[in-house]
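Structural overview for review
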Amino acid sequence: MHFHRPPVPVRAAGRDSACEQPAGLPGCLGDPTRLQELVYIFLENARQYTEKGFIKLSLYKRGSFAAIEIADSGIGIDAHDLPRIFERFYRGDKARVRDGTGLGLSIAETIAKKHGGRIEVESKPGEGTIFTIFIPLKEVHHG
Ligand SMILES: Nc1ncnc2c1ncn2[C@@H]1O[C@H](COP(=O)(O)OP(=O)(O)OP(=O)(O)O)[C@@H](O)[C@H]1O
Ligand SMILES: [Mg+2]
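In what follows, the accompanying structure is described.

What counts, and where the lines are drawn
- Residues numbered from 1 in each chain as written.
- Chains lettered and ligands numbered in written order.
- Predicted model: local features only at pLDDT ≥ 70, side-chain atom pairs only at ≥ 80, totals over all residues.
- Heavy atoms only, no water.
- Core = buried A, V, L, I, M, F, W, Y, C linked by side-chain atoms within 4.5 Å.
- Buried < 20%, exposed > 50% of the residue type's maximum accessible area, 1.4 Å probe, protein only.
- Helix = DSSP H or I, 4+ residues; strand = E, 2+ residues; numbered from the N terminus.
- Contact = heavy atoms within 4.5 Å.
- Near = heavy atom within 4 Å.
- Polar contact = N/O pair within 3.5 Å; in protein donor to acceptor, adjacent residues only side chain to side chain.
- Areas by Shrake-Rupley, 256 points an atom, 1.4 Å probe, with all protein chains shown as cover.
- 1 Å grid on protein atoms, 1.4 Å probe; cavity = no way out; pocket = protein on both sides within 12 Å on 5 of 7 lines; lining within 4 Å.
- Sits in = over half its atoms within 2 Å of the grid points.
- Nonpolar A, V, L, I, M, F, W, Y, C, P; charged D, E, K, R; others polar.
- Salt bridge = Lys/Arg side-chain N within 4 Å of Asp/Glu carboxyl O.
- Points joined across faces, edges and corners; volume = space filled by probe spheres on them.
- Axes fitted to C-alpha atoms, helices over the stretch in contact; angles between N-to-C directions.
- Left-handed = near helix turned anticlockwise from the far one by under 90°.
- Phe/Tyr/Trp six-rings, centres within 6.5 Å; stacked < 30°, edge-to-face > 60°.

**Side note on the nonpolar core**
The biggest cluster of nonpolar side chains holds 26 residues, and the ones touching the most others in it are Leu-38, Phe-42, Ile-119, Phe-131 and Ile-133. Among the elements of the structure, α1 (32-48), β2 (53-62), β3 (65-72), α2 (104-114) and β5 (128-136) are those that each provide at least two residues to this core. For Phe-131, the contacting residues outside a window of four places in its chain are Phe-42, Ile-68, Glu-69, Ile-70, Ile-77, Ile-85, Phe-86, Leu-105, Ile-119, Glu-120 and Val-121.

See the structure below:
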C-alpha cells in the first residue's frame, strides 16, 4: 500500500487534521480494498470520538513494518474499556451515547492479522488516543 498523493490536510469541522508520510517506503503486500477499509475504521472512530483539537494520520517505517498512526485529541478510552475494545460488539461507556455497533475494531484487527500485522493503542481519557497499525513491508532486495 502506498499513499500516492503528497500530504493533504483533511478538513473536518472544528478539528485540525493532517496527514504525514515519509518518502520512499517500499509498500506493503496485501489487499488494497481491505487495507483501505482498515485505515478508514480508525479515521471514522477518530472523527466520531473527537469534538475538538486534531486528528492526525502519519505513516512511517518501524523496522520491517509500515506503521500507520492515527492520533486524535478526543474523549480517550477508559482503562477498564481498553482491554476489551477489539472484542466484537464491545462499546466503551462513553461511546454508547453515540450510534455504533462495536464491530469496527474487531474487523480492523482481523484485517491486520490477515496481513501479518498487529495494532497497538495508547489512550488517556479526556486527552486523546493513538492507534498504530503495523503491516509488514514488502521485502526489498538490495543488490
Ligand atoms: N478514537 C477513539 N477515541 C475514543 N474511543 C474510541 C476510539 N476508537 C475506538 N474507541 C472506543 O472503542 C470502542 C470500540 O470501537 P469500534 O469502532 O469497534 O465500535 P464503535 O465505534 O462503538 O461502533 P462501530 O462498529 O459502529 O464503529 C468504541 O465504542 C469506543 O469506546
Ligand atoms: Mg467505530
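Further notes follow.
**Here's the deal with the site of ligand 1**
Around ligand 1, a shell composed of 19 residues is seen, among which Tyr-49, Asp-72, Arg-91, Leu-103 and Leu-105 lie nearest. Contact between ligand 1 and Tyr-49: an oxygen atom at 2.7 Å from a side-chain N or O atom of the residue. Interatomic distance of 2.6 Å between a side-chain N/O atom of Arg-91 and an oxygen atom of ligand 1. Starting from 590 Å² of accessible surface for ligand 1 in isolation, the protein chains cover 91%. For ligand 1, the cavity whose grid points lie within 2 Å of the majority of its atoms is the second largest pocket. Residues belonging to the shell around ligand 1 are distributed by class as follows: nine nonpolar, eight polar and two charged.

**Comments concerning the pattern of salt bridges**
One pass over the structure, following the stated rule, counts seven salt bridges. Among the ionic pairs, Asp-78 bridges to Lys-94, the shortest N-O distance being 3.6 Å. Here Lys-94 lies in the loop between β3 and α2 and Asp-78 lies in the loop between β3 and α2, a separation of 16 residues in the sequence.

**Looking at the layout of surface pockets**
For the second largest pocket, the calculated volume is near 530 Å³. Lining the second largest pocket are 30 residues, and of these Asn-45, Tyr-49, Gly-92, Ala-95 and Leu-105 lie nearest its centre. Elements represented by at least two residues in the lining of the second largest pocket include exactly α1, β3, α2 and β5. When residues in the lining of the second largest pocket are grouped by element, the largest group, six residues, is from α1. Within the lining of the second largest pocket, the residues separate by chemical class into 13 nonpolar, nine polar and eight charged.

**Some details on unusual backbone geometry**
In this structure, Phe-89 is a non-glycine residue whose phi angle is positive, near 70°. Position of Phe-89 among the secondary structure elements: in the loop between β3 and α2.

**Here we look at α2**
Within the span of α2, buried status applies to Leu-105, Ser-106, Ala-108, Ile-111 and Ala-112. Phi turns positive one or two residues past the end of α2, at Gly-116, with a value near 75°.

**Here we look at the packing of α1 against α2**
Contact geometry for α1 and α2: axes closest at 9 Å, N-to-C directions at 145°. Along this stretch, α1 crosses α2, giving a crossing that reads as left-handed. Every residue of α2 that contacts α1 at Arg-34, Glu-37, Leu-38, Ile-41, Phe-42 and Asn-45 is listed here: Gly-104, Leu-105, Ile-107, Ala-108, Ile-111 and Ala-112. Looking at the contact of α1 with α2, its residues break down into eight nonpolar, two polar and two charged.

**Some thoughts on the packing of aromatic side chains**
A complete count under the given rule lists three aromatic pairs for this structure. Ring centres of Phe-42 and Phe-131 lie 5.0 Å apart, and the angle between their planes is 55°; this geometry places the pair in the tilted category. Taken together, the residues Phe-42 in helix α1 and Phe-131 in strand β5 connect sequence positions 89 residues apart. In terms of burial, Phe-42 and Phe-131 fall into one category: buried. Residues Phe-65 and Phe-134 carry aromatic rings whose centres are separated by 6.4 Å and whose planes lie at 90° to one another, so their mutual orientation is edge-to-face.

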